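# A closer look at the structure
Residues per chain, in single letters:
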Amino acid sequence: MAKARIKLPDSAKVGDVIEVKTLISHVMETGQRKDADGKTIPRSIINLFTATFAGAEVFTAELHPGISANPYLSFFMKVPGPGEFEFTWVDDAGTKVVEKMKLNVA
Amino acid sequence: MRLAVHSSRLSRRDFALGAGAGIAVLGLPFAVVGQDPSQGWEQAVKKVLGDAKPIEGKVLIDMPEIAENGNTVPFTISVDSPMSETDRVKVIHIIATANPQPGVAVFRFSPLSGKATVAGRMRLARTQDVIGIAELSDGRFLTSKRNVKVTIGGCGG
């Protein structure tokens, strides 16, 4: 799979509700298209995204082919304290991309 | 408006007005062939709701009125909720009523979520209603829908 980009606020206080923006490169092949020979291009998408913070689950997304290529997802978290995010993307083949990012908590 | 004389543009327009094969030419990943997609969405909704009667109007679906490019249509879906342990949104489902597969995504929130809001980008095969269904922690369902017009860009609408 490919590169993921994460955007977090530079810092946050306990109790702040912060926005987390994520982006990953992926063609998200739907399984509906045909190639030049008329053969169906098989489906191949990222079907799951999970975000945990300090080991606790924050947000999960089950994605279907209706999600656009290069899936962008933004969600929110209420800061419980200092910690590290762990983001995981899983595709149809079971391949995983994992990114970690610390949140600066004042 | 002057019709584009360039032949590939004209034929794109014809295909856009039709269905099926032409959509592959445009690069949209959908071919509207086979099963009538309009039947699938009701089943998708029933799968989520079961026999429950949802409360209408409390899911905010923020999407453009007119989507220039059906390949990537931005959405923000949110429900006004305290998101406390005892009163929160657990899940939000997005269903596109005229896509080959009506289920677009399922978003699961947690007590850490803070807000029941999620943004992303979806594919829309053509003009259609997009439905949002929220499951609350007390077992109730909320639902709203939003119509999005999809132009295939090109001829200036």
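Because the structure is a prediction, the values reported are computed rather than measured.

### Here we look at the overall build of chain B
- If you tally the helices and strands in chain B, you get three helices and nine strands.
- N-terminal to C-terminal, the α/β element order of chain B is α-α-α-β-β-β-β-β-β-β-β-β.
- For chain B, long-range pairs separated by at least 24 residues make up 62% of all intrachain contacts whose partners lie at least 6 apart in sequence.

### Side note on the overall build of chain A
- Broken down by element type, chain A carries zero helices and seven strands.
- The N-to-C order of helical and strand elements in chain A reads β-β-β-β-β-β-β.
- Dimensions of chain A, computed from the C-alpha atoms along their principal axes, are close to 60 × 20 × 20 Å.
- Per-residue burial over chain A gives 28% buried out of 106 residues.
- Taking contacts inside chain A between residues at least 6 apart in sequence as the whole, the part at least 24 apart equals 57%.

### A short note on the interface of chain A and chain B
- Of the residues lining the interface, 28 residues belong to chain A; the matching set on chain B comes to 29 residues.
- Breaking the side of chain A that touches chain B down by element, the ones donating at least two residues are β4 (56–63) and β5 (72–78) of chain A.
- Of the residues belonging to the side of chain A that touches chain B, the class tally is 16 nonpolar, seven polar and five charged.
- Relative to strand β6 (residues 103–109) of chain B, β4 of chain A runs antiparallel, the two being bridged by five bridges. Residue pairing across strands places glutamate 62 of chain A opposite valine 106 of chain B, the latter belonging to β6 of chain B.

### Some remarks on the confidence of the model for chain B
All names here are of chain B.
- The share of residues in chain B with pLDDT of 70 or more is 72%, and the mean pLDDT across the chain is 81.
- Note that residues 2–10 has pLDDT below 50 and, in this model, five contacts with residues that lie over four places away or in other chains.
- The complex prediction reports pTM at 0.83, with the ipTM value standing at 0.96.

### Quick look at the nonpolar core
All names here are of chain B.
- Residues Ile92, Leu124 and Ala134 are the most contacted members of the largest nonpolar core, which totals 52 residues.
- With five residues, strand β5 (residues 89–96) is the single largest residue contributor to this core.
- Ignoring anything within four residues of it in the chain, the contact list for isoleucine 92 reads Ile77, Val79, Phe107, Ala116, Val118, Gly132 and Ala134.

### Remarks on unusual backbone geometry
- Not every positive phi belongs to a glycine, and asparagine 70 of chain A is a case in point at roughly 55°.
- By secondary structure assignment, the location of asparagine 70 of chain A is in the loop between β4 and β5.
- Its identity as a non-glycine residue notwithstanding, methionine 83 of chain B has a phi of 50°, on the positive side.
- Inspection of the secondary structure puts methionine 83 of chain B in the loop between β4 (73–79) and β5.
- Methionine 83 of chain B sits in the buried class, given 22 other C-beta atoms within 10 Å.

### Structural notes on the pairing of strand β7 (residues 96–103) of chain A
Residue and element names in this part refer to chain A.
- As defined by bridge partners, strand β6 (residues 83–91) adjoins β7 across eight bridges and the pair is classed as antiparallel. By the bridge assignment, phenylalanine 85 is partnered in β7 with methionine 101.
- What sits between the antiparallel neighbours β6 and β7 is a turn of four residues, in which glycine 94 has the positive phi angle 90°.

### As for the environment of glycine 81 of chain A
Residue and element names in this part refer to chain A.
- Note that glycine 81 resides in the loop between β5 and β6.
- Accessibility expressed as a C-beta count within 10 Å gives 10 for glycine 81, which makes it exposed.
- Those residues in contact with glycine 81, other than ones at most four positions away along the chain, are Val14 and Val105.

Rules used throughout
Residues numbered from 1 in each chain as written. Chains lettered and ligands numbered in written order. Predicted model: local features only at pLDDT ≥ 70, side-chain atom pairs only at ≥ 80, totals over all residues. Helix = DSSP H or I, 4+ residues; strand = E, 2+ residues; numbered from the N terminus. Contact = placed C-beta atoms within 7 Å. Buried ≥ 20, exposed ≤ 12 C-beta atoms within 10 Å, placed from the backbone. Nonpolar A, V, L, I, M, F, W, Y, C, P; charged D, E, K, R; others polar. Pairing = 2+ DSSP bridges. pLDDT = per-residue confidence, 0-100. Core = buried A, V, L, I, M, F, W, Y, C linked by C-beta atoms within 7 Å.

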